[in-house]
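# Report on the structure
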Amino acid sequence: MAKKPKVLVVGSLVKDLTVITEKFPKPGETVLGKSFRTASGGKGANQAVQAARLGADVTVVGKVGNDDFGKSLVASCRESGIHTEHIAVDLKAPSAVGNVILETENGKTANRIIVIPGANMAITPEDVAFLKNAIQDYDMVILQLEIPMKINELVAEWAFQSHVPVMLNPAPSAPLSPGLLSHLSYLSPNEHEAADLTGIAIRREGKKANLEDVKAAGNFLLAKGAENIVITLGSAGAAAISRSGFFFQPCIDIVEPKDPTAAGDSFVGAFSLGVCTGMGLAEALHFASYAATITVSRAGAQPSLPTLGEVEALMKSQGSTCDGFMTR
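Report on the accompanying structure. A quick note: this is a predicted structure, and the numbers were derived from the prediction, not measured.

What counts and what doesn't
- Residues numbered from 1 in each chain as written.
- Predicted model: local features only at pLDDT ≥ 70, side-chain atom pairs only at ≥ 80, totals over all residues.
- Heavy atoms only, no water.
- Helix = DSSP H or I, 4+ residues; strand = E, 2+ residues; numbered from the N terminus.
- Buried < 20%, exposed > 50% of the residue type's maximum accessible area, 1.4 Å probe, protein only.
- Pairing = 2+ DSSP bridges.
- Salt bridge = Lys/Arg side-chain N within 4 Å of Asp/Glu carboxyl O.
- Axes fitted to C-alpha atoms, helices over the stretch in contact; angles between N-to-C directions.
- Contact = heavy atoms within 4.5 Å.

What follows deals with unusual backbone geometry. Trans peptide bonds make up most of the peptide bonds, and negative phi angles are found at most residues other than glycine. Residue P172 follows A171 across a cis peptide bond; omega there is -5°. The residue P172 is located in the loop between β9 (166–169) and α6 (178–182) in this model. Its identity is not glycine, yet H163 carries a phi of approximately 60°, on the positive side. Within the secondary structure, H163 is located in the loop between α5 (149–161) and β9. Given a relative accessible area of 74%, H163 falls into the exposed group.

A separate point is the pairing of strand β14 (residues 238–242). Counting buried positions along β14 gives five out of five residues, so the element sits mostly inside the fold. The two faces of β14 match: A238, A240 and S242 on one face and A239 and I241 on the other face are all buried. Of the pairings in the sheet, the one linking strand β13 (residues 228–232) to β14 comprises five bridges and is antiparallel in character. Considered in β14, the bridge of I231 is made with A239. If you look at the hairpin formed by β13 and β14, you'll find five residues sitting between the two strands, and G234 has a positive phi there, around 60°. Bridge count between β14 and strand β15 (residues 245–249): five bridges; the pairing is antiparallel. Bridge pairing links A240 to F247 in β15. Turn length for the β14-β15 hairpin, with the two strands adjacent in sequence and antiparallel, is two residues.

Now for the pattern of salt bridges. Overall, the coordinates contain nine salt bridges when judged by the stated rule. For the salt bridge of D265 with K43, the shortest nitrogen-to-oxygen distance reads 3.9 Å. You can see D265 sitting in helix α9 (residues 263–276) and its partner K43 sitting in helix α1 (residues 43–53), a full 222 residues away along the chain. Residue classification places D265 among the buried residues on the basis of a relative accessible area of 3%. E191 serves as the salt-bridge partner of R204, at 2.7 Å between the closest nitrogen and oxygen. Here E191 lies in helix α7 (residues 191–198) and R204 lies in strand β11 (residues 204–205), a separation of 13 residues in the sequence. The network of salt bridges with shared partners includes K63, D90 and D127.

Here we come to the sheet that holds strand β7 (residues 108–116). Strand order in the open sheet formed by four strands is β3-β2-β6-β7, and the pairing between neighbours is mixed. With one partner strand each, in any of the chains shown, β3 (35–41) and β7 form the two edges of the open sheet. On average, each strand axis in the sheet is tilted by 20° relative to the strand beside it, whichever way the strands run. Examined bridge by bridge, strand β6 (residues 96–105) and β7 share nine bridges and lie antiparallel to one another. The partner of E105 across the bridge, within β7, is K108. The strands that helix α2 (residues 68–79) touches are β2 (14–21), β3 and β6; relative to β2, the one it contacts most, it runs at about 95°.

In structure tokens, the structure reads:
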């Protein structure tokens, strides 16, 4: 890679507490789980770690509590080479916690996640005010919705004014203002978030998504102001919709899924890095799909995120390459 892209992630850090069980408990039911583990996560931190492991120069802006979870969340980012000097410590709110229940039944996996946002929701405009001038130094800004909406709106506006592209992963699902949408270079919902934002349900038959529904949802969001729409479809693949065309990437269905927890974050981090290096939408979809495929084959959030070498090796094994990425 000729030059490392500089990526700014303003977002969440969450300690994941994961229970693995053979079936989700019904209301009022108690079941015995199979195992328990902890891992550093949070959509912001996960996307930052993925971009860093793929070769970006990443800075995270966020907030943790003054507790052991907070210390471990910051340490996990540092281990991936991320700049953490702008992760603040809140003396009142605890670090965020994600309660993850992972069901593994008949060879299939599914998850249910409850996030207690803690210090993530204590980020203030004063905490990010320095970015109004500093944001111009970055090649990409990545945002999500596990922090206050006002912070996302401020940062996106400053980036837009400085001609820095912005990727927003609208999760967890929430309404987006016209102003925020107009400042986005990339909006990447999953199929459920896309339906919430548009009112257009994306129909499926097994592992196949109705691509006309995908196009309709994408075009709806384009009309609202976002420049490019990237819709992830799980086992049905992913699609990008822009004013220049429609691009579809089937799922890279070559691994045994173990844990889907950070798959979407892996995809967003990899896609964002890809377009930073000059990849077109189709190429970035392809690259990000391979990264996410590796992620679902492993357990945990950040522990599952692959390096560039691992993504390259898997692509090569399937007769595909990302040589263009490496030379940019």
